[in-house]
Amino acid sequence: MIRLENVTKVFPGGSGPAVHQLSLDVAEGEIVVLVGPSGCGKTTTLKMINRLVEPTSGRITVAGEDIMAIPAHELRRRVGYVIQQIGLFPHRTIAENIATVPRLLGWERTRIDDRVGELIRLVDLEPGMRNRYPRELSGGQRQRAGVARALAADPPVMLMDEPFGAVDPIVRGRLQDELLDLQRRVHKTIVFVTHDIDEAIKLGDRVAILNIGGIVEQYAPPAVILRDPANAFVKAFLGSHRGIKRLSLIPVGEVPLEDGPMVDRSATARDARACMDRYGVDWFGILDGKELVGWAWASDLDGDSLAHIDPKPFEARVSLDASLREALDTIITSRTRVAPVFDGGRFVGTITAEGISRELAK
Amino acid sequence: MIAAPFFRWDWVFDHLGLIWEKVSEHLVLTGIALGVGFVISMALALIGLRFPRTYPPITWLTGVLYTIPSLALFAFLVPITGFTVLSAEIGLVSYTLLILIRNIVAGIQGVDPAVREAALGMGYGSRRLFLEIELPLALPVILAGVRIAAVTTIGLVTITALIGQGGVGFFILQGLNRFFNTEIVLGTALSVILAVAVDLVLVLVERLLTPWTAKRTAAS
Amino acid sequence: MDGQANRGLLMEFLGDLLQWFGENWSGETGWLARTGEHLRVSGAALIAAMAVALPLAGWLGHTGRGGLLAVSVINIGRALPSFGIIALALPFTIWLARSTPLIDSGLGFAPTFIALFLLALPPIFTNTYAGIRGVDADVVEAARGMGITERRLVLDVEMPIASPVILTGIRVTAVQVVATATLGALVGYGGYGRFIVDGLAIQDRLQLVAGAILVAVLSILTEIGFSALERFVVPAGISRRRRADVVPPVAV
Ligand SMILES: Nc1ncnc2c1ncn2[C@@H]1O[C@H](COP(=O)(O)OP(=O)(O)O)[C@@H](O)[C@H]1O
Ligand SMILES: [Mg+2]
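So, here's what we can say about the structure.

How each quantity is defined
- Chains are numbered independently. Their residues run from 1 in the order of the written sequence.
- Lettering for chains starts from A, numbering for ligands starts from 1, and both go in the order in which the items are written.
- For this predicted model, a pLDDT threshold of at least 70 governs which residues receive local features, and a threshold of 80 or more governs which side-chain atom pairs are given and counted, while totals over whole chains, interfaces and linings are taken from all residues.
- The side-chain quantities take in all heavy atoms of the structure and omit both hydrogens and water.
- For helices the rule is a DSSP run of H or I covering at least 4 residues; for strands it is a run of E covering at least 2, with both sets numbered from the N terminus onward.
- Think of a 1 Å grid over the protein atoms and nothing else: a 1.4 Å probe that fits but is trapped marks a cavity, an open set flanked by protein within 12 Å on at least five of seven lines marks a pocket, and residues with an atom within 4 Å of a point count as lining.
- Grid points are joined across faces, edges and corners, and a volume is the space filled by probe spheres set on the points.
- Residues are grouped as follows: Ala, Val, Leu, Ile, Met, Phe, Trp, Tyr, Cys and Pro are nonpolar; Asp, Glu, Lys and Arg are charged; all remaining types, including Gly, are polar.
- For helices, the fitted line uses only the C-alpha atoms of the stretch in contact; every axis is such a line through C-alpha atoms, and the angle between N-to-C directions lies from 0 to 180 degrees.
- For this classification, under 35 degrees means roughly parallel, over 145 means roughly antiparallel, 65 to 115 means roughly perpendicular, and everything else is oblique.
- Left-handed describes a crossing in which the near helix is turned anticlockwise from the far one by less than a right angle; the clockwise case is right-handed.
- We call two residues in contact when some of their heavy atoms are within 4.5 Å.
- Any two strands are treated as partners once DSSP identifies two or more bridges connecting them.

Details of unusual backbone geometry
In this structure, Gln21(A) is a non-glycine residue whose phi angle is positive, near 45 degrees. Among the secondary structure elements, Gln21(A) is positioned in strand 2 (residues 19-26).

See the structure below:
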């Protein structure tokens, strides 16, 4: 959908090229995140795609068309653009702000009104916000309005330059989730710039790690980058918690689950002891057929049968599509050091810290 | 000696027609000066913004004009343009330029670069950008300049009485010549009242033109 | 043809002007004496206004009181027509001369001085107040933290930091005072205004233009002189760019 071929930008008076021979392919419907240290040329790269900066050399195509062949203002009306400072027009209401590009495109009034209403719902703003001015909104609301404005004319391509950089971490997390949710519905081709590696990992279908001078050090899905950093720069940029970061990308379902020290309600105390010995633990889980009813300590055993035992419920449980990071969190905070895994309501096995660690080592 | 009253209301009531005439004249002189001054200032400000190298000489020149005392300026003009409205207006206009140009330029330059970038990023051309985004956003600063220029000009108009114009300055000059306090007080007070009134009107105009700057409570 | 004729007239006029300056420099009504008069009343009014406005604004700015006063002062200052103030000063000084032994005559210097003094107060006051209020609160707190007295805080910390803004106020005021002193001729004072007012009255172009040149030159010299002073007085390390924030008040 977007293709950069050997794109170079030299600013007059700059010490070296801001972006050097950069090539990048962005497929339709994917989110590509450009990430790298400050001053590495992320913004410059992004602005070359909507011609706010003209490349010194190289070629950029959007949907197969050379962007230099499209008049700049037409290109920009087809490409959504969101920046960190948002740049909402302070003298226009939220509705008028969102209507900016449709108005530039000369849409009819009623069509614009309908579209504005649709977008306000889409980005989860209250309908009452329509006639507010930007300064009457909170930071998070403004950011949503900025996204809505960029989406207004339904551009196939969106460029986002650190859009969540200025909001506090809690709101940022929520906006990221909303963006992913939105993307599932609108399927845009998004180029997203950030300097926050965690944000890149969370949002990107593919991540391009840039070095000073706009050099691509690695361009791959985040899981691949975390597993196989291409070089020392990438490794350093990923930081010291690479393993933990990877965990958040792998779902529990991808790890072989274990049965765990589980015995059926009808088993004898001896069976239970044998099972605990096998796993080297001093507790056991109790199944009723396929259903997990709870667990008990070894010391709770009294007599030969399990009938008198009142199973304690598992407080910690993870679902099959949770990430390993959530699973690990559950494991280390549970008393049994094990998390039972459920697929919907169905017990499918257990996961342990060792199992996770084995997976990472692969 | 019978103490003459300091201010004679009866004189005022006897001359309401004349007062009205001079007040109108005052407002017309002020209005022309502001209108012409604004057009010239806008043109020079645009030149200064478009070609930044021209901005220092523009402010230098208007600064010199501003520094020359008005009476001196009128004195230069009288031998050329006589005791006319033209002489008065040339002087009055030249005093509005510095304030207006500075505020127009500061207003436009003060527009948040992010807003400008967002507008360009959405496909605004430079002309539309100026008319629809930059100019409205600069309005509060520009109007602040207009207010200062208006109040200043109203005061200066009184001096043009010395070259045969003057609006309410006519009363001040005549009062001085006749040692008649009522007229001096009247002329001065009218000038102050006009300045305050025009300033208030401009504040209202600003409110109307820039609703987005108003403080508004959450709902409604 | 026409252009040539015009140029001829202009040259002739300039010649006459030079001659006027050559012939009218000495004596009680010469332009040298008038320069003295002009400077005397301007200087006296400026110094008097500084003596009142600087301490008052400095203290109010320091304590943070009188914010409303500061705003009103600048607005009132702008709305007051200097011509009206000078005219109003006259009946006041005449009354003063008649009923007190303070001044001999209510004409001339006294009304001019009083009007200039009144007109000089607002811009000096406002700039000083704004300058002091604009001093970084952290700097003030740091100074207090070191145990400085309030008086020394104002004099040694706030005033020097605010000096660019204060000096701009003084410069702008000085130019305004020099300009307005011209109007003193209307209440019987000397100074350059004499040439202009008399020139207007008797339709003497030469005198009129000569007076205008003298006032214009003195105003510009005042501007240049005080600018140089600013450069000299403002402590190194404090940016003089801050004066760009200040809108000049009225020059008359
Ligand atoms: N308009 C410009 N003029 C000159 N140099 C610029 C300009 N914009 C960016 N640069 C330089 O280009 C380099 C890359 O900048 P940028 O793309 O903004 O980095 P990033 O967004 O990754 O922080 C920096 O060294 C910056 O100083
Ligand atoms: Mg950037």
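Still to come is the rest of the account.
Overview of empty space enclosed by the protein
Where empty space is left in the structure can be found by rolling a water-sized probe over the atoms. Enumeration over the complete set of coordinates arrives at 4 cavities of 30 Å³ or more. Along its surface, the second largest cavity is lined by Arg76(A), Arg77(A), Val79(A), Gly80(A), Tyr81(A), Val101(A), Arg149(A), Ala150(A), Ala152(A), Ala153(A), Pro155(A) and Met122(B). Residue assignment for the lining of the second largest cavity shows that the elements contributing at least two residues are helix 2 (72-78), strand 6 (79-83) and helix 6 (139-151) of chain A. In terms of residue count, strand 6 of chain A provides more of the lining of the second largest cavity than any other element does, 3 residues in total. Residue composition of the lining of the second largest cavity, by class: 8 nonpolar, 1 polar and 3 charged.

What about the packing of helix 13 (residues 324-333) of chain A against helix 14 (residues 353-361) of chain A?
Packed helix pairs are specified by the crossing angle of their axes together with the interaxial distance, meaning the distance between the axes. All names here are of chain A. Where helix 13 contacts helix 14, the two axes come as close as 10 Å, and the packing angle between them is 150 degrees. In terms of orientation, helix 13 and helix 14 fall into the roughly antiparallel class. As for the relative orientation of helix 13 and helix 14, their crossing is left-handed in sense. Only Ala353, Ile356 and Glu359 of helix 14 make contact with helix 13, whose side of the interface consists of Leu324, Ala327, Leu328 and Ile331. Of the residues belonging to the contact of helix 13 with helix 14, the class tally is 6 nonpolar, no polar and 1 charged.

Regarding the sheet that holds strand 3 (residues 31-35) of chain A
Think of a sheet as strands paired side by side through backbone hydrogen bonds, with each pair either parallel or antiparallel. Residue and element names in this part refer to chain A. Strand order in the open sheet formed by 6 strands is 6-7-8-3-9-10, with mixed pairing between adjacent strands. Looking at which strands have only one partner, the edges of the open sheet turn out to be strand 6 and strand 10 (215-220). Ignoring strand direction, the axes of neighbouring strands in this sheet form an average angle of 15 degrees. The pairing of strand 7 (residues 157-161) with strand 8 (residues 189-194) spans 5 bridges and is parallel. Within strand 8, the position partnered with Leu159 by the bridge is Val191. Sheet strands touched by helix 6: strand 6 and strand 7. Its angle to strand 6, the strand with the most contacts, is close to 165 degrees.

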